[in-house]
Amino acid sequence: MTTDEMLIEVNKAIYSVLAGGQSYKIGSRSLTRADLSMLKQMRDDLTAQSEAKNATNLLSDTYVTFFEGR
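This section reports on the structure supplied with the text. Given the structure is predicted, the values throughout are model-derived calculations rather than measurements.

**Re the overall build of the protein chain**
Point 1. Within the protein chain, the regular secondary structure consists of two helices and two strands.
Point 2. The secondary structure elements of the protein chain, listed N-terminal to C-terminal, are α-β-β-α.
Point 3. Relative to its 70 residues, the protein chain shows a buried fraction of 13%.
Point 4. Restricting to contacts in the protein chain with at least 6 residues of sequence separation, those with at least 24 account for 46%.

**Brief notes about a nonpolar patch on the surface**
Point 1. Taken together, Tyr24, Ile26 and Leu31 make up a surface patch of nonpolar side chains, about 290 Å² in accessible area.
Point 2. Along the chain, Leu31 turns up in strand β2 (residues 29–32).

**Some thoughts on the pattern of salt bridges**
Point 1. Scanning the model with the defined rule gives three salt bridges in all.
Point 2. One salt bridge in this structure joins Arg43 and Asp44, with 3.9 Å as the shortest N-O distance.

Criteria and thresholds
Residues numbered from 1 in each chain as written. Predicted model: local features only at pLDDT ≥ 70, side-chain atom pairs only at ≥ 80, totals over all residues. Heavy atoms only, no water. Helix = DSSP H or I, 4+ residues; strand = E, 2+ residues; numbered from the N terminus. Buried < 20%, exposed > 50% of the residue type's maximum accessible area, 1.4 Å probe, protein only. Contact = heavy atoms within 4.5 Å. Patch = residues over 30% accessible without salt bridge, like charges linked within 9 Å, V, L, I, M, F, W, Y side chains within 5 Å. Areas by Shrake-Rupley, 256 points an atom, 1.4 Å probe, with all protein chains shown as cover. Salt bridge = Lys/Arg side-chain N within 4 Å of Asp/Glu carboxyl O.

In structure tokens:
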């Protein structure tokens with residue numbers, strides 16, 4: 001599974017937790033989804049990996065600004 005595919009799955013899992021709750025119980029059966037903070041950390045890590053893989057320059061998201069004296 002590629003980084004981008006994993007990122008899609010993690011985003012789906014985050015949505016499931018947000019839309020359906022962390023856990024629920026029906027009769028004697030219960031379901032507990034992954035921890036939301038862990039999923040968000042995974043998303044951040046995968047996003048960084050994906051951006052690093054697709055980056056063309058070392059500092060591709062860096063900008064230079066010059067402030068001249070008055």
